[in-house]
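The residues making up each chain are set out below.
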Amino acid sequence: MSGTRSDGELLRAVAADADRRAFEELYRRYAPWLTARLRGRCADPAVVDDVVQETFLAVWRGTARYRETETTENTDAAGWLWRIGSRRLVDALRGDGARGRLRQALARLRHRDEVSAEERVLAGVEHGDLAGALVRLSPELRAVLQATVIDGLTTREAAVLLGIPPGTVKTRAMRARTRLREELA
């Protein structure tokens, strides 16, 4: 057997045998990537670190189950971990209430020199209230826009991330664009 196992092999070893080495390899492979992605959505490093830990704990404890639908080579562990992590982040931010929102706003002020993708999009809008229009979208439509526009994921990647069929991603993206055009007109 070669020294480097595929994502599918690692996931199966963790799920079936509680293989600690496989888990550690999966963690080393994806924790830095997941941390960087989540920091793009949350300015509080402590919250991000907690979410990354919770994500991998869910994998280790088996509360997050990977359903392999394709061959080992096409296993999308990154998309699966991202879906778990992003949902845990939403839960963490919702559960924190007003104090969490205030802490996040203050953290954004501290990191003003770091322009986020969201800020670049908002800065490019000359007319209309894009931020307000985005807030008025349903969470499902906002999530699709976040995944496809801000994160730059393909329809297929967004479908894996959000846990919905690719056709639903396309439909929601079309609805979101239509609603934004109406709001900003």
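Residues numbered from 1 in each chain as written. Predicted model: local features only at pLDDT ≥ 70, side-chain atom pairs only at ≥ 80, totals over all residues. Heavy atoms only, no water.

**Q** Would you explain the side chain of threonine 55 in this entry?
**A** Inspection of the secondary structure puts threonine 55 in helix H3 (residues 45–61). Take threonine 55: its relative accessible area is 0%, and that puts it in the buried class. Polar contacts involving the side chain of threonine 55 include one to the main-chain carbonyl oxygen of valine 51, which spans 2.8 Å. (Helix = DSSP H or I, 4+ residues; strand = E, 2+ residues; numbered from the N terminus. Buried < 20%, exposed > 50% of the residue type's maximum accessible area, 1.4 Å probe, protein only. Polar contact = N/O pair within 3.5 Å; in protein donor to acceptor, adjacent residues only side chain to side chain.)

**Q** Even after reading the chapter, I still don't get H3, so can you show me in this structure?
**A** Since the α-helix packs 3.6 residues into each turn, any two residues three or four apart lie on the same face. In this model, H3 (17 residues) spans 24 Å end to end at C-alpha, consistent with the 24 Å of a helix rising 1.5 Å per residue. Taken residue by residue, H3 has Val47, Val48, Val51, Val52, Thr55, Phe56, Ala58 and Val59 as its buried positions. Buried residues of H3, viewed axially, fall in a sector of 165 degrees; they line one side. The N-terminus of H3 is capped by aspartate 44, whose side-chain oxygen sits 3.0 Å from the backbone nitrogen of alanine 46. A positive phi of about 85 degrees marks glycine 62, the residue just after H3. (Expected span 1.5 Å × (residues − 1). Arc of directions from axis to C-beta.)

**Q** Hey, could you run me through the packing of aromatic side chains in this one?
**A** Aromatic rings in a pair are described by how distant their centres are and how their planes are angled relative to each other. Scanning the model with the defined rule gives 4 aromatic pairs in all. Seen in terms of ring centroids, phenylalanine 23 and phenylalanine 56 are 6.2 Å apart; in terms of plane orientation they differ by 75 degrees. Their pairing is edge-to-face. Here the residue phenylalanine 23 occupies a position in helix H2 (residues 20–39), and phenylalanine 56 occupies one in helix H3, the gap between them amounting to 33 residues. On the basis of relative accessibility, which here comes to 1%, the residue phenylalanine 56 falls in the buried class. For the pair phenylalanine 23 and tryptophan 60, a centre-to-centre distance of 5.1 Å together with 55 degrees between the ring planes defines the contact as tilted. With phenylalanine 23 in helix H2 and tryptophan 60 in helix H3, this pair connects stretches of sequence that are 37 residues apart. Looking at phenylalanine 23, the relative accessible area reads 15%, which means it is buried. Here a set of aromatic residues connected by ring pairs shows up, and it is made of Phe23, Tyr27, Phe56 and Trp60. Sitting over the face of the ring of tryptophan 82, arginine 37 holds its NZ or CZ atom 4.2 Å from the ring centroid. (Phe/Tyr/Trp six-rings, centres within 6.5 Å; stacked < 30°, edge-to-face > 60°. Lys NZ or Arg CZ within 6 Å of the ring centre and 35° of its normal.)

**Q** Sorry if this is basic, but what is going on with the nonpolar core here?
**A** For soluble globular proteins, nonpolar side chains are generally found buried alongside one another. Of all hydrophobic cores here, the largest spans 35 residues; its most connected members are Leu26, Tyr30, Leu38, Val52, Phe56 and Val59. Listing elements by their share of this core, those giving two or more residues are helix H1 (7–17), H2, H3, helix H4 (77–110), helix H7 (139–150), helix H8 (155–162) and helix H9 (166–184). Here leucine 26 is in contact with Leu10, Leu11, Ala31, Phe56 and Val59, once residues within four sequence places are set aside. (Core = buried A, V, L, I, M, F, W, Y, C linked by side-chain atoms within 4.5 Å. Contact = heavy atoms within 4.5 Å.)

**Q** Honestly, the packing of H1 against H2 in this entry has me stumped. Any pointers?
**A** For any two helices packed against each other, one specifies the crossing angle of their axes together with the interaxial distance. Direction vectors running N to C along H1 and H2 enclose 135 degrees, while the axes themselves pass 8 Å from each other. When the interaxial angle is binned, H1 and H2 end up oblique. Crossing of H1 over H2 shows left-handed handedness. Residues Asp7, Leu10, Leu11, Ala13 and Val14 of H1 pack against Ala22, Phe23, Glu25, Leu26, Arg29 and Tyr30 of H2. Looking at side-chain class alone, the contact of H1 with H2 contains 8 nonpolar, no polar and 3 charged residues. (Axes fitted to C-alpha atoms, helices over the stretch in contact; angles between N-to-C directions. Parallel < 35°, antiparallel > 145°, perpendicular 65-115°, else oblique. Left-handed = near helix turned anticlockwise from the far one by under 90°. Nonpolar A, V, L, I, M, F, W, Y, C, P; charged D, E, K, R; others polar.)

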